[in-house]
Amino acid sequence: MRKVLFGACALAALAIGVSAQAETVAVTNARILTAGPAGEIASGAVVFKDGKITAVGANVAAPAGARVIDAHGGVVAPGFFATGSLLGAVEVGSLGNDLSVNNPAIGASFDIQYGLNPESGLLPVARLGGLTSAVVLPLPVGGRGGEDYDQEDDDASKYTAGPGGEGSKSHALFAGTGAVIDLSGHETILTKAKVAMVVPFGRAGAGVAGGARGAEIVALKEALADVRAYMKNKAAYERAGYRDLALSRGDLEALVPVVEGRMPIVAVVRRASDIRQVLAFAREEHVKVILEGAEEGWMVAGEIAKAGAPVLLNPLNDRPESYEELAATMDNAGRLAAAGVTVALESTGGSARVRETRYGAGNAVSHGMSYAAALASVTINPARIFGVADRTGSLEPGKDADLVIWTGDPFEPLSQPTAVFIHGEAQPMTSRQIELRDRYRDLGRPLPPGYTHP
Amino acid sequence: MSLWKLTVALIAAAAVSGCATTAPPAKSAEAGAAPASAPARPKPLPPGLDPLARADAFPSTYRPMPSHATAVVGASVFTGTGTLIENGTVLVKDGKVEAVGAGLAVPAGYDTVDAHGKWVTPGLIDAHSHLGVYASPAVQANSDGNELTNPVTAEVWAEHSVWPQDPGFNTARVGGVTTILVLPGSGNLIGGRGVVLRNIPARTVQNMKFPDAPYVLKMACGENPKRVYGSKGRAPSTRMGNVAGYRAAWINAADYQRRWDDYRAKVAKGEKADPPKRDLGLDTLAGVLRGEILVENHCYRADEMAQMIDISKEFGYHVAAFHHAVEAYKIADLLAENHICVATWANWWGGKMEMLDGIEANAALVNAAKGGCAVIKSDDPDLIQRLNQEAAEALAAGRAAGLAITEAEAIKWITSNPAKAIGVERQTGSLEPGKRADLVIWDHDPFSIYARTERVYLDGAVAYDRRDPRYQPRSDFDLGQPGEGVR
């Protein structure tokens, strides 16, 4: 086995040590992708202190006493934002997750924040992919329609029949609310709870509404009417002097911010005609909407842009995986962005493979998205869409120091992160996978691999 | 005509057309079945009852598309043999690679393709795909990859499930994939035969079958078979049940082979003999024991792979490759010593317990073992479009682990090594004189995320051209659908 010496970058990573809290750190000699108004800075420095960025720019010098990290001409970028991830709510996919609930009393009121696990072994792996934040969204009880599997190998379970035909399940019209987390592994990974309400449309929505698309919008409108009636007649409702409502009290309460336009819905939708129906529904009901999936979004890009609806999409979906995405194309992300739609990129799988987010961005670029738009779609756009752009998503003074130093263009597989900071704190550049790798790298040692001495 | 009469007529017609076939005779196996001229001897078996009468009952009808002598000039050429040639020229003639080198003179009459500033690789080979058997759209009606009615279904052949109109074949070709091993799924201990395909648009699967490629047998370890059958309340429901199942199958196969050998020995001596009854499943397993059919073994965990190696030695066969094999790095030495390839991913891990220890550097560590054979494969209709990117991720992980690996070495993981793993290395997988001219022109270094294919050649013929809609075939399924032509 041939080995090369550790490069300067690896040494730099080791030298960073543990906590950068309470000290001033300057990353110098870097190409800076700010994802903010300053755009790309060909060569400059980023300074942060007490977890917040204090300066970014070409002519920024390291303050006296600051710990200086020379990026050696590498790239500094905001930590990437995993959109539509399952992080913190799943460990081993086949063992289940905390993303989906089938409880007649708890649909809209399902709140993912209470199930998050900061100790998840998936977080360190995601960090090594340059990710520092994630939005974790519930999975609709009937699946996500056209295709519904996280990551399976070639066994039969991934091709099961879709939902439907089991009668109306009003509670399942709403999958519950998601949360934004950071990937630090601290006990307080929750950045913001109740950021959006997931609602399945299309085939998945039809399934929970009794089997046909036509039933779902009707059922949703009825449910929102119930919420409004509940809001106006809370006193009567509480003393059981009011007509029966389709949803539980908790679900009605959870939908109040939705009908008041304070909480967006994440509409799981793929087919162009379904996207039109979602936009019309949102307009008529005065509901803020985020489209998720949207494989055929490019066909109605102008309408999406006009409605001001952001889109969460996987840029790699380009096959007619189902009858809801016959027009899927790798050009989707680029075309939507060009039409003025705010796009955030999802990764395949959402958990174990979430580290591939940066490669998805690269593929979006090779299929027509501008580099700046692709960078925004994995940083500032998801931060804006989920209401945390005041804290993260770009390298600007005053924001959290969530940033990553790369050996080169972060979308390139051959580039590697050399340091990851979350809230200014240097993250350990290791994971269970790295430990396994190092345990078995040299198979010629005299003692079995479990022994750690040489 | 009654249904019964119709059936009889069809069988008769099939038999006649079978006798009148104009296909060249297969090499050895068919000799014994030559009809009229056979000398007086015990009555020959009808072809359908003799396993060796027609070793391939569904022969390839693949014909290369028309091509013209071509010189691809000026590119950085990854040969697939571990070499990178700068300013390279690839000469293609009669569908074969004629010569590869730096600054070769272009003979008169050759079409010249200016590839300065571009990259050339051999056509990519996916050693693990379910295109056609789990076709898009992934509706139940197209779910034909797992015969989950018995844990040992050696009698089924993936090619009988392949739908040539799966749109995934076209998107895979756009990704530079020219040769594909289509396997049955992994729900069974022994899932059946896989088939090697040339990735061209075709009306029949026979049109796609790779001429003279060996057949393969799909086997599977671990969680899938025990979950599928355990949930049905039958064996296997444990890993030890899995192993008992493999061994019982090989015992049956060895016995079957012995009965045929005895029968043929008697016939050869002119003795009266009753032929064994032909068994399609045991035919396939006996083919493995005779070394004619390659074993492609889905197996994640290191300890299970070691057991499968011992089973192969117990019954006298060889495992060509372990697939998925996310723990191969734990026994890279053992796998290399046994000349077993490892067909794996860089990024897939963690979805279930047997995938938990998957690491990005798996392929690189397999590659680093002396004699190691690392293969990056897809098992997925999306990943097959980006095998080069998966290889880049595996390469980066190897370098991060301190291994000095060149791109010229890593390109073998998606070209010559999979060719070896599926038994077509004498025909394709590298740019060497005499091999099929399967090659890809890329607009960037294929290890860059931005690399896209500009042109894909199969047997020297343009099979895909990014800038020429005439060479962007669409499947029947895509016609008239929304967004037609966007892929």
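Bear in mind the structure is a predicted one, so any value in this text is a computation, not a measurement. (Residues numbered from 1 in each chain as written. Chains lettered and ligands numbered in written order. Predicted model: local features only at pLDDT ≥ 70, side-chain atom pairs only at ≥ 80, totals over all residues. Heavy atoms only, no water.)

Enquirer: Is there a simple way to think about the overall build of chain B in this case?
Expert: If you tally the helices and strands in chain B, you get twelve helices and 16 strands. In summary, chain B has a C-alpha radius of gyration of 23 Å against a globular reference of 23 Å for 487 residues, a match within 12%. Counting only residues that meet the buried cut, chain B has 58% of its 487 residues in that class. Accessible area of chain B: about 19000 Å², with a carbon and sulfur share of 56%. Separation between the mean location of the 50 positive side-chain charges and that of the 54 negative ones in chain B comes to 6 Å. (Helix = DSSP H or I, 4+ residues; strand = E, 2+ residues; numbered from the N terminus. Rg over C-alpha atoms; globule rule 2.2 N^0.38 Å. Buried < 20%, exposed > 50% of the residue type's maximum accessible area, 1.4 Å probe, protein only. Areas by Shrake-Rupley, 256 points an atom, 1.4 Å probe, with all protein chains shown as cover. Lys, Arg positive; Asp, Glu negative; His and termini not counted. Charge placed at Lys NZ, Arg CZ, Asp CG, Glu CD.)

Enquirer: I'm lost on the overall build of chain A in this one. Help?
Expert: Helix and strand counts for chain A come out as 13 helices and 18 strands. Of the accessible surface of chain A, which amounts to about 16900 Å², a share of 52% is contributed by carbon and sulfur atoms.

Enquirer: Before we go on, may I ask you to explain the sheet that holds strand β7 (residues 177–182) of chain B in this structure?
Expert: The pairing of strands in a sheet comes from backbone hydrogen bonds and takes either a parallel or an antiparallel form. Residues and elements named next belong to chain B. Taken in spatial order, the eight strands make up an open sheet running β6-β7-β8-β9-β10-β11-β12-β13, and their pairing is mixed. Sheet topology places β6 (124–129) and β13 (374–376) at the edges, where each strand pairs with a single neighbour. Averaged over neighbouring strand pairs, the angle between their axes works out to 25° when direction is ignored. Bridge analysis of strand β10 (residues 294–299) against strand β11 (residues 319–324) gives five bridges, and the strand direction is parallel. By the bridge assignment for β11, His 298 is matched with His 323. (Pairing = 2+ DSSP bridges. Axes fitted to C-alpha atoms, helices over the stretch in contact; angles between N-to-C directions.)

Enquirer: Is there a simple way to think about the packing of aromatic side chains in this case?
Expert: Residue and element names in this part refer to chain B. One pass over the full model with this rule turns up 17 aromatic pairs over all chains. Ring plane angle 80° and centroid distance 6.0 Å describe the contact between Phe 78 and Phe 447, whose orientation is recorded as edge-to-face. Taken together, the residues Phe 78 in strand β1 (residues 70–78) and Phe 447 in the loop between β14 (439–442) and β15 (453–458) connect sequence positions 369 residues apart. A cation over an aromatic ring shows up here: Arg 193 above the ring of Tyr 215, its NZ or CZ 4.7 Å from the ring centre. The ring of Trp 345 carries the charged tip of Lys 377 above its face, separated from the ring centre by 3.4 Å. (Phe/Tyr/Trp six-rings, centres within 6.5 Å; stacked < 30°, edge-to-face > 60°. Lys NZ or Arg CZ within 6 Å of the ring centre and 35° of its normal.)

Enquirer: So what exactly am I meant to see when it comes to the nonpolar core here?
Expert: Looking at soluble globular proteins, one finds that nonpolar side chains tend to be buried together. Counting residues in each nonpolar core, the largest one holds 92 residues, and the members touching the most others are Leu 87, Phe 174, Met 197, Phe 201, Leu 291, Ile 304 and Phe 411 of chain A. Apart from residues no more than four positions distant in its own chain, Phe 174 of chain A is found in contact with Gly 107, Ala 108, Met 197, Val 198, Val 199, Leu 220, Ala 223, Leu 224, Leu 247 and Leu 255 of chain A. Counting 89 residues, the second-largest nonpolar core is a separate cluster that includes Phe 78, Ile 293, Ala 392 and Ala 397 of chain B. (Core = buried A, V, L, I, M, F, W, Y, C linked by side-chain atoms within 4.5 Å. Contact = heavy atoms within 4.5 Å.)

Enquirer: What is the right way to read the state of the cysteines from this model?
Expert: All names here are of chain B. Applying the stated criterion to the full structure yields two disulfides over all chains. Here Cys 221 is linked by a disulfide to Cys 299, with a sulfur-sulfur distance of 2.2 Å. When the S-S torsion is -95°, as for the bridge of Cys 221 with Cys 299, the disulfide is left-handed. One end of the pair, Cys 221, is in the loop between β9 (216–220) and α4 (223–230); the other, Cys 299, is in strand β10, with 78 residues separating them in the sequence. (Disulfide = S-S within 2.5 Å.)

Enquirer: When you look at the interface of chain A and chain B in this model, what are you seeing that I'm missing?
Expert: Size of an interface, as often reported, equals the accessible area lost when the parts are brought together. Contacts between the two partners involve 59 residues from chain A and, on the opposite side, 74 residues from chain B. Here chain A meets chain B over a buried area of about 5700 Å², counting both sides, of which 55% is carbon and sulfur. Seen at the junction of chain A and chain B, the total is three salt bridges. For Glu 360 of chain B, the salt bridge goes to Arg 355 of chain A, with nearest N and O atoms at 3.6 Å. Our count for the contact surface shared by chain A and chain B stands at 17 residue pairs in polar contact (both at pLDDT 80 or more). (Buried area = accessible area lost by both parts, 1.4 Å probe. Salt bridge = Lys/Arg side-chain N within 4 Å of Asp/Glu carboxyl O. Polar contact = N/O pair within 3.5 Å; in protein donor to acceptor, adjacent residues only side chain to side chain.)

Enquirer: Would you mind going over the domain arrangement of chain A with me for this structure?
Expert: All names here are of chain A. Segmentation of chain A into domains returns domain 1 (2–78 + 417–438) and domain 2 (80–391). Contact residues are listed per partner, giving 16 residues for domain 1 and 16 residues for domain 2. Roughly 1400 Å² of surface becomes buried between domain 1 and domain 2 when both sides are summed, with 64% attributable to carbon and sulfur atoms. Among the residues domain 1 hides against domain 2, the three largest losses belong to Ala 35, Pro 78 and Ile 422. Together they make up 30% of the total. For the pair domain 1 and domain 2, the interface holds zero salt bridges. At the surface where domain 1 touches domain 2, the tally comes to three residue pairs in polar contact (both at pLDDT 80 or more). Broken down by secondary-structure element, the contributors of at least two residues to the side of domain 1 that touches domain 2 are β17 (417–422) and α13 (432–440). In terms of residue count, the dominant contributor to the side of domain 1 that touches domain 2 is β17 (four residues). Here the side of domain 1 that touches domain 2 is composed, by residue class, of ten nonpolar, five polar and one charged. (Domains from an automatic or database assignment. Nonpolar A, V, L, I, M, F, W, Y, C, P; charged D, E, K, R; others polar.)

Enquirer: It is not clear to me how unusual backbone geometry should be interpreted in this structure. Could you clarify?
Expert: Most of the time, phi is negative for any residue but glycine, and the peptide bond is trans. Omega for the bond connecting Ser 136 of chain B with Pro 137 of chain B falls within 30 degrees of zero, at -5°, which places this linkage in the cis form. Mapping Pro 137 of chain B onto the fold places it in the loop between β6 and α2 (167–174). Between Ala 235 of chain B and Pro 236 of chain B the backbone carries a cis peptide bond, its omega angle lying at 0°. Of note, the phi angle at Ala 35 of chain A is positive, near 60°, even though the residue is not glycine. Along the chain, the position of Ala 35 of chain A falls in the loop between β1 (24–33) and β2 (40–49).

Enquirer: Could you clarify how one ought to interpret the pattern of salt bridges in this entry?
Expert: Opposite charge on two side chains permits pairing when their charged atoms draw close. Applying the stated criterion across every chain, the model contains 54 salt bridges over all chains. Here Asp 331 of chain A ties to Arg 335 of chain A by a salt bridge, and the two come within 3.5 Å at their closest N and O atoms. The class for Arg 335 of chain A is partly exposed, based on a relative accessible area of 34%. Of the charged contacts, one joins Glu 159 of chain B and Lys 209 of chain B as a salt bridge, the two residues approaching to 2.7 Å between their closest N and O atoms. Taken together, the residues span a long stretch of sequence, with Glu 159 of chain B in the loop between β6 and α2 and Lys 209 of chain B in the loop between α3 (205–208) and β9 at a distance of 50 residues. By the burial criterion, Glu 159 of chain B is buried, and Lys 209 of chain B matches it.

Enquirer: Sorry, what's going on with the sheet that holds strand β6 (residues 80–85) of chain A here?
Expert: All names here are of chain A. Spatial strand order, β6-β7-β9-β10: four strands in an open sheet with mixed pairing. Two strands bound the open sheet, and with one partner strand each, they are β6 and β10 (190–192). Pairwise comparison of adjacent strand axes, ignoring direction, gives a mean angle of 30° for this sheet. Both β6 and strand β7 (residues 131–136) contribute to a ladder of four bridges, which runs parallel. Bridged to Phe 81 within β7 is Ser 133.

Enquirer: Just checking my understanding: could you explain the confidence of the model for chain B for this structure?
Expert: Keep in mind that low pLDDT regions are not for reading the predicted coordinates in detail. Residue and element names in this part refer to chain B. Scored by pLDDT, chain B has a mean of 92; 91% of the residues are at 70 or more. Within chain B, no element has a lower average pLDDT than helix α1 (residues 3–19), which sits at 38, and none a higher one than strand β5 (residues 119–122), at 99. In the model, residues 1–36 has pLDDT below 50 throughout and makes ten contacts with residues more than four positions away in sequence or in other chains. ipTM for the predicted complex: 0.92, alongside a pTM of 0.92. (pLDDT = per-residue confidence, 0-100.)

Enquirer: For this particular structure, what's the right way to read the environment of Val 295 of chain B?
Expert: Residues and elements named next belong to chain B. Along the chain, Val 295 turns up in strand β10. For the pair Val 295 and Met 219, spaced 76 residues apart in the sequence, the C-alpha separation amounts to 7.2 Å. Look past the residues within four positions of Val 295 in its chain and what remains in contact with it is Leu 217, Met 219, Val 288, Tyr 317, His 318, Val 319, Ala 320 and Ala 321.

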